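# Structural overview
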Amino acid sequence: MNGIVERFNKLLDLSMDYLEDGVRKEHHGNEAKPEIIEEDSLDRVESEIAACSRCRLCENRIKTVPGKGVLHPKVMIIGEGPGAEEDKTGIPFVGKAGQYMDKWMDAIDLRRDRDLFIGNIVKCRPPGNRDPHPDEIDACRGYLDRQIRILKPSLILTVGRIAAQVLIGSSNGIGRLRGRMYDYKGIPLIPTYHPSGVLRNPESYRKPVWEDLKAVRKFLDSL
Ligand code: SF4
């Protein structure tokens, strides 16, 4: 019960963010029913992304990849950006790395269709799978933050260096960032390696990823 109260209080803290962004509610002292200015939704965010030209990544995309999964997921997985398969299909993490990540999730009893929402920092594919540039990340960041507010995941799992650095607000490498839990706007966040990195170098990364996945399972079991 204490955990629920603590989480509730954290969600209340988020109300300041809502006010600043003007997308949720306006509070008027002790009024029982806050006025709803505008109800945001995943569909709305998705349709805005589909029409977006806020950065140069719109120029070469085939499809936008807004993210996919269940509302109020146990875990929201966030990578850096779509790859070639994702660009073709509009679905996140469907290539080899995504299939490998499904196995990670299976190992800790989590499924895409029941427990997860999977998305990326940027919603359009960077050419040649290069890292997204800072101005592209800044241009796209608002969509991700709106998705997080709407989804209210129990936990965020970032995969790879870029997603961890952006959400933790650090320039440290993933090897230094992983191994502990952070807080992102009131939501616990665990960073780990990207599945494509683990596929390239399993000897180095499989063990720490398994430690991180066990931390995810342990946190969920504690709720
Ligand atoms: S990456 Fe994000 S900001 Fe850039 S065009 Fe795509 S949806 Fe818009």
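Conventions used here
- Residues numbered from 1 in each chain as written.
- Predicted model: local features only at pLDDT ≥ 70, side-chain atom pairs only at ≥ 80, totals over all residues.
- Heavy atoms only, no water.
- Salt bridge = Lys/Arg side-chain N within 4 Å of Asp/Glu carboxyl O.
- Helix = DSSP H or I, 4+ residues; strand = E, 2+ residues; numbered from the N terminus.
- Buried < 20%, exposed > 50% of the residue type's maximum accessible area, 1.4 Å probe, protein only.
- Axes fitted to C-alpha atoms, helices over the stretch in contact; angles between N-to-C directions.
- Parallel < 35°, antiparallel > 145°, perpendicular 65-115°, else oblique.
- Left-handed = near helix turned anticlockwise from the far one by under 90°.
- Contact = heavy atoms within 4.5 Å.
- Nonpolar A, V, L, I, M, F, W, Y, C, P; charged D, E, K, R; others polar.
- Near = heavy atom within 4 Å.
- Expected span 1.5 Å × (residues − 1).
- Pairing = 2+ DSSP bridges.
- Bend = angle between axes of the 7 residues up to and from the residue.

### So, the pattern of salt bridges
Oppositely charged side chains can pair when the atoms bearing their charge come close. Considering all chains together, one arrives at 18 salt bridges under this definition. Residue Arg 146 is joined to Glu 48 by a salt bridge in which the shortest nitrogen-to-oxygen separation is 2.9 Å. Remark: Glu 48 occurs in helix α3 (residues 42-50) and Arg 146 occurs in helix α7 (residues 134-151); sequence separation between them is 98 residues. Owing to a relative accessible area of 29%, Glu 48 belongs among the partly exposed residues under this scheme. The partner of Lys 214 in a salt bridge is Glu 211, and the shortest N-O contact between them spans 3.5 Å.

### Remarks on unusual backbone geometry
Unlike most non-glycine residues, His 72 shows phi in positive territory, near 50°. Take His 72: it is sitting in the loop between β3 (68-69) and β4 (75-79). His 72 gets classed as partly exposed once you look at its relative accessible area, which sits at 48%. Located in the positive-phi region is Lys 152, a residue other than glycine, with phi close to 50°. Among the secondary structure elements, Lys 152 is positioned in the loop between α7 and β6 (155-159).

### Structural notes on the packing of helix α5 (residues 96-107) against helix α11 (residues 202-222)
As a packed pair, α5 and α11 sit with axes 10 Å apart at the nearest point and diverge in direction by 45°. When the axis of α5 is compared with that of α11, the two are oblique. For the pair α5 and α11, the crossing hand works out as right-handed. The residues of α11 that touch α5, namely those facing Tyr 100, Trp 104, Met 105 and Ala 107, are Arg 206, Val 209, Trp 210 and Leu 213. In the contact of α5 with α11, the residues fall into seven nonpolar, no polar and one charged.

### Let's talk about the environment of Asp 109
Tracing the sequence through the fold places Asp 109 in the loop between α5 and α6 (112-115). Each C-alpha atom, one on Asp 109 and one on Arg 217, is 8.3 Å from the other, the two residues being 108 residues apart in sequence. Beyond its immediate stretch of four places on either side in the chain, Asp 109 contacts Arg 114, Asp 115 and Arg 217.

### Here we look at the site of the ligand
Around the ligand lies a shell formed by Ile 49, Cys 52, Arg 54, Cys 55, Leu 57, Cys 58, Arg 61, Lys 123, Cys 124, Ala 139, Cys 140 and Tyr 143. The residue inventory of the shell around the ligand, partitioned by class, reads nine nonpolar, no polar and three charged.

### A look at α11
With 21 residues, α11 extends 29 Å from end C-alpha to end C-alpha; this agrees with the ideal 30 Å at 1.5 Å per step. For α11, the set of buried residues is Pro 208, Val 209, Asp 212, Leu 213, Val 216, Arg 217, Phe 219 and Leu 220. Buried residues along α11 sit in contact with β4, α5, β6, β8 (187-192) and α10 (195-200).

### Points about the sheet that holds strand β7 (residues 182-184)
Strand pairs in the sheet, formed through backbone hydrogen bonds, run parallel or antiparallel to each other. One open sheet holds the six strands; their spatial order is β3-β5-β4-β6-β8-β7, and the pairing between them is mixed. Each edge of the open sheet is held by one strand with a lone partner, namely β3 and β7. Judged from the five bridges that link them, β4 and strand β5 (residues 116-120) form a sheet pairing that is parallel. Bridge assignment links Val 75 to a residue of β5, and that residue is Leu 116. On the sheet, α7 packs against β4, β5, β6, β7 and β8 and is oriented at approximately 170° with respect to β4.

### Re α7
Taking 1.5 Å per residue as the helical rise, α7 with its 18 residues ought to reach 26 Å, and the 25 Å between its terminal C-alpha atoms agrees with that figure. At Cys 140, α7 is deflected by roughly 40°, the largest bend along its length. α7 sits mainly inside the fold: 13 of its 18 residues count as buried. Once α7 finishes, Lys 152 follows within two positions and takes phi at roughly 50°, a positive value.

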